[in-house]
Amino acid sequence: MQPYEYIKSFTDAYRNAEDLSAAEREYRCLAVQFPYVFDPIGDDDLFAGKLKAPEVGLWPEPLGGRGVCFHYDEKKFLRLIEENADGKGRELQAILSFWEKENTRKKIREAYPADIAGALPYDDVYYKESCVAFPLYRVVGIYLDYEKLLANGIGGLDGVIAGRLAKAETDGDSGAVLTLSFMRKELALFAEVCERYASQAESMAARAAGKRKKKWERLARTLRKISSGKPETLHEAMQLSSRYTLAAGSYNYGRMDDYLGGFLARDLESGVISKDEASEYIRSLWRLIAYRDSVFHGRVIIGGKGRRNEKTADAFALLAIEASKTVAETEPQLTLRVYEGMNEAVAEAALDCIALGRTYPMLLNDDVNIPAVANAFRVSEELAREYLPFGCGEYVLNHQSLGSPNGIINLLKALEVTIRNGFDALSGKKMGLALGRLEDFPTFESFYEAYKKQIGYYMEILARQEALEYEVVAKQAPFLLISALFDDCIERGVPVLSGGIRYLGGTVETYGNVNSANSLFAIKSLVYDKKVISPEELVKALDANFEGYEALRQKLLAAPKYGNDIDEVDGLAADFHQFVCEKARAQNEATGLHSYLVVVINNQANTQVGAYTLASADGRGAYDALANANSPAGGTDTQGATAMLNSLVKMDPSIHAGSVQNMKFSKTLVTEHRDLFRALLRTYFKQGGTQAMINVFNRGDLENAMREPEKYGNLIVRVGGFSARFVTLPKDVQTEILSRTLY
Amino acid sequence: MKGILFNLQRFSIHDGPGIRTVAFLKGCPLRCGWCHNPESFKRGVQSVNGKTFGYEISAGEVVAEALRDKAYYEESGGGVTFSGGEPALQKDFLLSLLTLAKENNLHTCVETCGFAETEALLEISRQTDLILFDYKISDPETHKRHTGQPNGLILRNLKALYESGSKIILRCPVIPGVNDHDGHFSAVKNLRRQYPGMLGAEIMPYHNMGESKWKELGLDYGFAGLKNPDEKTVNEWKEKVKTRDAAL
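Rules used in this analysis
Residues numbered from 1 in each chain as written. Chains lettered and ligands numbered in written order. Predicted model: local features only at pLDDT ≥ 70, side-chain atom pairs only at ≥ 80, totals over all residues. Heavy atoms only, no water. Buried < 20%, exposed > 50% of the residue type's maximum accessible area, 1.4 Å probe, protein only. Helix = DSSP H or I, 4+ residues; strand = E, 2+ residues; numbered from the N terminus. Arc of directions from axis to C-beta. Contact = heavy atoms within 4.5 Å. Polar contact = N/O pair within 3.5 Å; in protein donor to acceptor, adjacent residues only side chain to side chain. Phe/Tyr/Trp six-rings, centres within 6.5 Å; stacked < 30°, edge-to-face > 60°. Lys NZ or Arg CZ within 6 Å of the ring centre and 35° of its normal. Pairing = 2+ DSSP bridges. Right-handed = clockwise from strand over helix to strand, strands pointing away. Axes fitted to C-alpha atoms, helices over the stretch in contact; angles between N-to-C directions. Buried area = accessible area lost by both parts, 1.4 Å probe. Salt bridge = Lys/Arg side-chain N within 4 Å of Asp/Glu carboxyl O.

Observations concerning helix α3 (residues 74-83) of chain A
All names here are of chain A.
No. 1: Of all the residues in α3, the buried ones are Phe77, Leu80 and Ile81. Down the axis of α3, the smallest arc covering the buried residues is 100°, so these residues share one side. Along α3, exposed side chains directed more than 90 degrees from the buried face belong to Lys75, Glu82 and Glu83.
No. 2: Where the residues of α3 are buried, they touch α1 (3-16), β3 (56-59), β4 (69-72) and α4 (87-102).
No. 3: The opening residue of α3 is aspartate 73, an N-cap whose side-chain oxygen sits 3.1 Å from the backbone nitrogen of lysine 75.

Here we look at the environment of A:Ala517
No. 1: The topology assignment puts A:Ala517 in helix α21 (residues 513-529).
No. 2: As a C-alpha pair, A:Ala517 and A:Ala617 span 100 residues in sequence and 9.8 Å in three-dimensional space.

Concerning the packing of aromatic side chains
Residues and elements named next belong to chain A.
No. 1: Applying the stated criterion across every chain, the model contains 37 aromatic pairs over all chains.
No. 2: Plain terms: the ring middles of phenylalanine 98 and tryptophan 99 are 5.2 Å apart, the flat faces sit at 80° to each other, and that makes the pair edge-to-face. Accessibility classification places phenylalanine 98 together with tryptophan 99 in one group, the buried group.
No. 3: Seen from their ring centres, tyrosine 126 and tyrosine 127 are 5.5 Å apart, and the 85° between their planes marks the pair as edge-to-face.
No. 4: For tyrosine 126, a relative accessible area of 15% corresponds to the buried category.
No. 5: Within the aromatic cluster, the residues linked to one another by ring pairs are Tyr6, Phe10, Tyr14, Tyr36, Phe70, Phe98 and Trp99.
No. 6: The ring of tyrosine 291 has lysine 50 sitting right over it, with the charged end atom 4.7 Å from the ring centre.

Some points on the pairing of strand β9 (residues 362-365) of chain A
All names here are of chain A.
No. 1: Neither face of β9 is open: one carries Met362 and Leu364, the other Leu363 and Asn365, and all of them are buried.
No. 2: Examined bridge by bridge, strand β8 (residues 333-338) and β9 share 4 bridges and lie parallel to one another. Paired with threonine 335 across the two strands is methionine 362, which belongs to β9.
No. 3: In this fold, β8 hands off to helix α14 (residues 344-355), which returns the chain to β9; that crossover is right-handed.
No. 4: Bridging between β9 and strand β18 (residues 691-697) involves 2 bridges; their strand directions are antiparallel. Across the sheet, leucine 364 pairs through a bridge with glutamine 691, a residue of β18.

Looking at the sheet that holds strand β15 (residues 503-511) of chain A
The strands that make up a sheet pair up through hydrogen bonds in the backbone, lying either parallel or antiparallel.
Residue and element names in this part refer to chain A.
No. 1: Strand order in the open sheet formed by 4 strands is β5-β12-β15-β16, with mixed pairing between adjacent strands. The open sheet terminates on both sides in strands that have one partner only, identified here as β5 (133-135) and β16 (596-599). Across this sheet, the average inter-strand angle for adjacent strands is 30°, counted without regard to direction.

Digging into the sheet that holds strand β6 (residues 252-255) of chain A
Residues and elements named next belong to chain A.
No. 1: Taken together, the 6 strands give an open sheet; going across it, the order is β6-β7-β8-β9-β18-β17, and neighbouring strands pair in mixed fashion. Since the sheet does not close on itself, it has two edges, and those belong to β6 and β17 (662-666), each with one partner. Sheet twist, expressed as the average angle between the axes of neighbouring strands with direction ignored, equals 25°.

Comments concerning the interface of chain A and chain B
No. 1: Taken residue by residue, the interface counts 22 residues in chain A and 13 residues in chain B.
No. 2: In total, chain A and chain B occlude about 1,500 Å² of area from one another, counting both sides; carbon and sulfur atoms represent 57% of this.
No. 3: Summed over the shared surface of chain A and chain B, the number is 4 salt bridges.
No. 4: A salt bridge links A:Asp567 to B:Arg68, with the nearest nitrogen and oxygen atoms 2.5 Å apart.
No. 5: At the surface where chain A touches chain B, the tally comes to 7 residue pairs in polar contact (both at pLDDT 80 or more).
No. 6: When contributions to the side of chain A that touches chain B are tallied by element, the ones reaching two or more residues are α27 (641-648) and α29 (674-686) of chain A.
No. 7: At 7 residues, α29(A) tops the list of elements feeding residues into the side of chain A that touches chain B.

Quick word on unusual backbone geometry
What you tend to see is this: most non-glycine residues have negative phi, and most peptide bonds are trans.
No. 1: The step from A:Tyr360 to A:Pro361 runs through a cis peptide bond, and the omega angle for that step is -5°.
No. 2: Mapping A:Pro361 onto the fold places it in the loop between α14 and β9.
No. 3: Here the bond from B:Gly84 into B:Gly85 is cis, since omega is 15°, no more than 30 degrees from zero.
No. 4: Structurally, B:Gly85 can be placed in the loop between β6 (79-83) and α3 (91-103).
No. 5: Phi at A:Asp565 takes a positive value of approximately 60°, unusual for a residue other than glycine.
No. 6: Within the secondary structure, A:Asp565 is located in the loop between α23 (550-558) and α24 (567-585).
No. 7: Assessed through its relative accessible area of 4%, A:Asp565 is described here as buried.
No. 8: In this structure, B:Asn105 takes a positive phi of about 55° despite not being glycine.

None of this, on its own, says anything about what the molecule does.
Structure below.
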């Protein structure tokens, strides 16, 4: 189908469903969308798994575009309109106007009451507007129940739903009848896609010879099989799980070692495949995940407590790490959950891969994170073992909870407007609460209270925004393929966002945490305790971006900074962290969300929102990047890796839903001093470290890559909660990464 | 007990086993021309062109700082190293550091240039887990020319320490044009044969990171422009001091 025909059909399907239920509309739209977006199997692919981003479509978060649920890609539309100067162009223009009004993002904005609209005047344009907080539009962090999918197959799953549907019919539960019947229909759509792929594979097989013929035949068999039957081989299990992930619009691939480990062991034992063939499958899947190019997503989780069969899972995990060594891509974001007593071979393989500079696997420490998640989410430790990081590192409970990060708060900007009595000097607009100017506060404590009040104001708004966003999205589409593989939805006969799951939560991304803490400390120490800088003078200096105030700036820069294991400043940082996290965490009751938690995740927004933040009291210049997540501000950690790690572990992990910890180590340390590097990480984890995202470079690599990008095309770096090819990043993001201390 | 440091460096991985904190004590009897810590030469706190070198600190404060990383030492087999300058120049301070470190169950290293009173070194070594003993130049005259002192006392001290049963690792800075010749490497090897109970000999290749500090201190750096040796050269040096029975 050509784009024009597709756009028309999809839009008609939507329009014609005006009087129908959201479930039926979703089904009708997907019936148009599926055949269009699934691309043919590539010649070198061992699985069907290619997808394109449509001009208009229905996903929880569009691939590579903006929006949520019903969304459109303006750029693609405009290009098509330009290419079709005739009647088609005019028609497309009319359709574009239709979606400009009808897209879900717009509907969310329209639903805002005055106070939310006032506090959040902009949508998700944090990279080009000056504001303290922004809403984000998406439903992400979807981890499907692959165990259930693989144990039942599509046919089996359909049977489960049918059974529940029969009961709903008997009970006269019309809501459940609607939800479950269209869930079955969407499963049938999925089966059709598999069948169509099977036909492609069969016709390819007929034309191919030798090894290729075998590959196409295997694909054809697998696709026929999984369209209804229960998968029995590794190939079938991998095909079904990855294919379903795409169809449902999820970007995460779950505890893969756990759900595929058994298939691997069986296939190896029965001789269906060799270990090399298994590795080839995994590498092919890795390439397909990378091909999808979801940037911040593509999580594959291995390791950790709570797996059904550690032995078979570890065997898969080893092959997964091996694949990440060979396939040097920025996705999948391979993540290893580590714990005391884990398989040493897996830990060592992980260090080998990290030492290659792959940034993968990222390490998450179960021993700390499980109790922390239990507390933060208010769930049992047993359930907390199912925590998984998605996207940039936010935690959810595997196929039981959602916690889409749908708000951003720039804490340093909040400080900036607070010391100016609720005024944004950059845009010249009133912003936030007007609580007085810095000089109006007689003590540091009274000022700190005002700042906390400001943050509290935005937190409450953002939490309500998130709950409202879910509500609007739920009315637009029930996401039935997702609901089918989330706990309780089938039993309750209710979709995922409408009360189908027990743990519908939200998260808020905080930025500038560390710059704010350092600024607070400088204000406390230099303005209030020692009185060497007057409040008026400080604000003037910040307004002037320190021009003419060089001596004052030096005093600010010389004040102790977080990241050096200095108790007084780290203590204030920890107190501030506690406040911010608890403030968010307290929003669950008023919003009706099961949890609402801070995520200190960081993508590259620390650089982007920094560009709209004036000079700050930590000595940071106007528009410079903010520190990455909870890591020390670039270059301010001068006391060695142990001091830096000691500072990190002072931040309470049990009150938020994840905090990424990016670190840069030299190749020499991780290769020539492997014992010490291992000891360093181990101790950090024993001391309470939650995560480690490890960049490994040679000294000078980044500087050289900025000078001669053509020679460093393969240099992969961990930006924040995602990895990227260094040379493709914007200059300011490159500079921020360069500024971080290399140990 | 207070003393003078010019640096206290955490996460050190080159001065003794494991992850360590190194306290650099100010003051040195030698004047090695290649020294990368020229601010260690003078014993007192110095002020040059408005910049201060060195600070007074109590033994308790030093050990308290070192204890912050105790968990890292335990996991890596590390501890605390007292280096310099020549730490024996502040003998009483060093002894109280060592005592305090031991009371807190920290593994201790002392790095010495060997040019100190023999009795003092022996007393220090009795409180120390591992001595890092610098061995720079084998020919006495050349030694005097490059460091300001002959090496006789140094060699006698090495013998005395060895015979007292101290655990010793030999630390050999190799400076291109000064001691990167076979004669010196053979001398190192001979020492290892002479004292077979030594735990090893480490090659410490020249690096020019000290050059800017000489300038800051208003001193002339005699090795200006000397390049750091490449990896291949360093590996060759390492090969040359290897003995059959002791791995590096």
